[in-house]
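# Descriptive analysis of the structure
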Amino acid sequence: MFFDPEGKEIRMKRTDYLSWDQYFMGVALLSAQRSKDDHTQVGACLVNDQNKILSVGYNGMPTGCHDDDMPWEREGEPLDTKYFYVCHAELNAILNYGGGSLYGARVYVTLFPCNECAKAIIQSGMKEVIYMQDKYADDDMTVASKRMFDMAGVKYRKFEPKDQTIELHL
Ligand SMILES: Nc1ccn([C@H]2C[C@H](O)[C@@H](COP(=O)(O)O)O2)c(=O)n1
Ligand SMILES: [Zn+2]
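Cut-off values and rules
Residues numbered from 1 in each chain as written. Chains lettered and ligands numbered in written order. Predicted model: local features only at pLDDT ≥ 70, side-chain atom pairs only at ≥ 80, totals over all residues. Heavy atoms only, no water. Helix = DSSP H or I, 4+ residues; strand = E, 2+ residues; numbered from the N terminus. Buried < 20%, exposed > 50% of the residue type's maximum accessible area, 1.4 Å probe, protein only. Contact = heavy atoms within 4.5 Å. 1 Å grid on protein atoms, 1.4 Å probe; cavity = no way out; pocket = protein on both sides within 12 Å on 5 of 7 lines; lining within 4 Å. Points joined across faces, edges and corners; volume = space filled by probe spheres on them. Nonpolar A, V, L, I, M, F, W, Y, C, P; charged D, E, K, R; others polar. Donors = N, O, S within 2.8 Å, 3.2 Å for Na, K, Ca; no water. UniProt positions renumbered as here; feature names shortened; annotations may be inferred.

## Section: the overall build of the protein
When you go through the protein residue by residue, the secondary structure sums to four helices and seven strands. With respect to the principal axes defined by its C-alpha atoms, the protein has extents near 75 × 40 × 35 Å. The buried share of the protein, taken over its 170 residues, is 38%. Residue pairs in contact within the protein that sit at least 24 positions apart in sequence constitute 58% of those at least 6 positions apart.

## Describing the layout of surface pockets
Approximately 530 Å³ is the volume attributed to the largest pocket. Only α2 (89-96), α3 (115-123) and α4 (140-152) provide two or more residues apiece to the lining of the largest pocket. Top contributing element to the lining of the largest pocket by residue count: α3, with four residues. Its residues assigned to classes, the lining of the largest pocket shows 14 nonpolar, six polar and seven charged.

## Describing the coordination of the zinc ion (ligand 2)
Tetrahedral metal sites with four donors have an ideal angle of 109.5 degrees; octahedral sites with six donors have ideal angles of 90 or 180 degrees. The coordination sphere of the zinc ion (ligand 2), as far as protein atoms go, consists of His-88 (ND1), Cys-114 (SG) and Cys-117 (SG), spread over 2.0 to 2.3 Å. Mapped onto the sequence, the donors of the zinc ion (ligand 2) take the spacing H-x25-C-x2-C. With His-88 in the loop between β4 (53-58) and α2 and Cys-114 in the loop between β5 (106-111) and α3, the pair connects residues that are 26 residues apart, well separated along the chain. Exposure remark for His-88: the relative accessible area of 31% places this residue in the partly exposed category. Overall, Cys-114 belongs to the buried group, its relative accessible area being 8%.

## Structural notes on the UniProt feature "binding site: Zn(2+)" (unreviewed entry) in the protein
As recorded in UniProt, the feature "binding site: Zn(2+)" (unreviewed entry) lies at His-88, Cys-114 and Cys-117. Taken together, the annotated residues stretch across 30 residues yet fold into one region, lying no more than 8.8 Å apart by C-alpha. Lining residues of the largest pocket drawn from the annotated list: His-88, Cys-114 and Cys-117. Once residues within four sequence positions are removed from consideration, His-88 is found in contact with Tyr-58, Asn-59, Cys-114 and Cys-117.

## Focus: the UniProt feature "active site" (unreviewed entry) in the protein
As recorded in UniProt, the sites labelled "active site" (unreviewed entry) are Glu-90. Secondary-structure assignment places Glu-90 in helix α2. Under the relative-accessibility criterion, Glu-90 is labelled buried at 4%. Beyond its immediate chain neighbours, meaning those up to four positions away, Glu-90 contacts Ala-44, Val-109, Leu-111, Phe-112, Pro-113, Cys-114, Cys-117 and Ile-121.

In structure tokens, the structure reads:
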């Protein structure tokens, strides 16, 4: 605390608050922590142009398909891997939204959208993707996503964290 010569407290404006990007990516990261995927946890947070959170999601098995009864393998017989079954974070966030149109919204996602989610993002009218990781950048599905985003006028940019940690004090 600081005081003026009369001993009166000088109030300082707080500067250590989260930016909108940090806040929404923080929500996406927290949502990802709900995923049972032992290899890649993904979280997504949909936000409107007034910075209101519309929906969140994470990668998980469809409702009624119990996590413990489903395969989480990455390799092997296709039917015995997770890929045919798991619902991606972005798609869950889109489907979890019960409020009408997502036109003009942006999506904060911890991993760059695959081609299937890219289609859903475009078709639901969202206009911007802010992503954290792009670990499958060289895969055809990501190349296809970027090709579609470019053609459809959906902007995408990498989230650049100021710090590597977001602290939660409970
Ligand atoms: N944008 C994305 C990309 C992937 N996912 C999900 C789908 C799987 O659960 C996992 C990827 O598994 P991996 O091949 O890395 O073992 O992430 C998603 O939700 N959104
Ligand atoms: Zn996807």
